[in-house]
Amino acid sequence: MFNPFVHWIEAKGAYAPWLFLALFLVASFLMLWRLEAMSKSGFEGTILGTLVMPYCSGLGNILFAFILGHKGGPGADVMTNSLVNNVTNMTLVLGLPAVFWRMSVLPAQKKNGKPGSKAHELNRLSLLLTLLAVLFFTGAVWALVEKAN
């Protein structure tokens, strides 16, 4: 379905990388625009962050795995791609804005010494559950590799 479109872009020669970049930027803008609309219509940031965004940001990994699986490529490439992508997201996409633009990572302390609000507690729970899922799936992959050896 997409092959004629991809071949059409590739036929543009030296402009092909720029067209692919423009397509990526348009798709990213569309995704962010709709996520912002969902946020304004009542979806809480925690719901978007834990249910919707992993699928949107992981779509490249899913497509890469599908293409390699369809062509009979090595599974090690899929694993390497996923690990590098996720480590990059955790360090660069989340870490650099926190360092350079002084993004507030923790809520301000209240005068009575108690941190944050209910939203902060919900965000903390969401983060802890996400980290627990990372540990679980890492263990599952490790167990599958050990079984295969």
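Residues numbered from 1 in each chain as written. Predicted model: local features only at pLDDT ≥ 70, side-chain atom pairs only at ≥ 80, totals over all residues. Heavy atoms only, no water.

Participant: Whenever I open this one, the overall build of the chain confuses me. Can you help?
Facilitator: Along the chain, the regular secondary structure elements total seven helices and zero strands. Moving toward the C terminus, one meets the helices and strands of the chain in the order α-α-α-α-α-α-α. Residues classed as buried in the chain amount to 7% of the 149 residues present. Taking contacts inside the chain between residues at least 6 apart in sequence as the whole, the part at least 24 apart equals 20%. With an accessible surface of roughly 12,500 Å², the chain has 73% of that area assigned to carbon and sulfur atoms. (Helix = DSSP H or I, 4+ residues; strand = E, 2+ residues; numbered from the N terminus. Buried < 20%, exposed > 50% of the residue type's maximum accessible area, 1.4 Å probe, protein only. Contact = heavy atoms within 4.5 Å. Areas by Shrake-Rupley, 256 points an atom, 1.4 Å probe, with all protein chains shown as cover.)

Participant: Help me understand the packing of helix 4 (residues 59-71) against helix 5 (residues 75-93) in this model?
Facilitator: Helix packing geometry: the angle between the two helix axes and the distance between the axes. It is the contact of helix 4 with helix 5, at a shortest axis distance of 10 Å, that shows an interaxial angle of 170°. Relative to helix 5, the element helix 4 lies roughly antiparallel. Between helix 4 and helix 5, the contacting residues are Asn-61, Phe-64, Ala-65 and Leu-68 on the first element and Asp-77, Val-78, Asn-81, Ser-82 and Asn-85 on the second. Each residue belonging to the contact of helix 4 with helix 5 can be placed in one class, and the counts come to four nonpolar, four polar and one charged. (Axes fitted to C-alpha atoms, helices over the stretch in contact; angles between N-to-C directions. Parallel < 35°, antiparallel > 145°, perpendicular 65-115°, else oblique. Nonpolar A, V, L, I, M, F, W, Y, C, P; charged D, E, K, R; others polar.)

Participant: How should helix 4 be read in this particular structure?
Facilitator: Note: α-helices contain 3.6 residues per turn, so residues at a spacing of three or four share the same orientation. Compared with an ideal rise of 1.5 Å per residue, which puts 13 residues at 18 Å, helix 4 spans 18 Å between its outermost C-alpha atoms and is within 8% of the ideal. Note on helix 4: the residue one or two positions beyond its end, Gly-72, has a positive phi of about 75°. (Expected span 1.5 Å × (residues − 1).)

Participant: Mind showing me how you'd approach a nonpolar patch on the surface here?
Facilitator: Taken together, the side chains of Tyr-15, Trp-18, Leu-19, Leu-21, Phe-24 and Leu-25 define a hydrophobic patch exposed on the protein surface, amounting to about 710 Å² of accessible area. With respect to the helices and strands, Leu-25 occurs in helix 2 (residues 16-40). (Patch = residues over 30% accessible without salt bridge, like charges linked within 9 Å, V, L, I, M, F, W, Y side chains within 5 Å. Salt bridge = Lys/Arg side-chain N within 4 Å of Asp/Glu carboxyl O.)

Participant: Even after reading the chapter, I still don't get the side chain of Asn-61, so can you show me in this structure?
Facilitator: Considering the arrangement of structural elements, one finds Asn-61 in helix 4. The contact partners of Asn-61, leaving out residues within four places of it in the chain, are Asn-81, Ser-82 and Asn-85.

Participant: Looking at this structure, how should I read the confidence of the model for the chain?
Facilitator: Parts of the prediction with low pLDDT should not have their coordinates interpreted in detail. Looking at the chain as a whole, its pLDDT mean stands at 77, while 83% of the residues score no less than 70. Looking over the chain, one finds the lowest element-wise mean pLDDT in helix 3 (residues 45-57), namely 70, and the highest in helix 2, namely 87. (pLDDT = per-residue confidence, 0-100.)

Participant: In this structure, what is going on with the packing of helix 1 (residues 3-10) against helix 2? I would like to understand it.
Facilitator: Helix 2 packs onto helix 1 with a crossing angle of 130° between their chain directions and a minimal axis gap of 8 Å. Between helix 1 and helix 2, the interaxial angle falls into the category oblique. Between helix 1, through Phe-5, Val-6, Ile-9 and Glu-10, and helix 2, the contact on the second element is made entirely by Ala-16, Leu-19, Phe-20 and Leu-23. Among the residues making up the contact of helix 1 with helix 2, the classes are represented as seven nonpolar, no polar and one charged.

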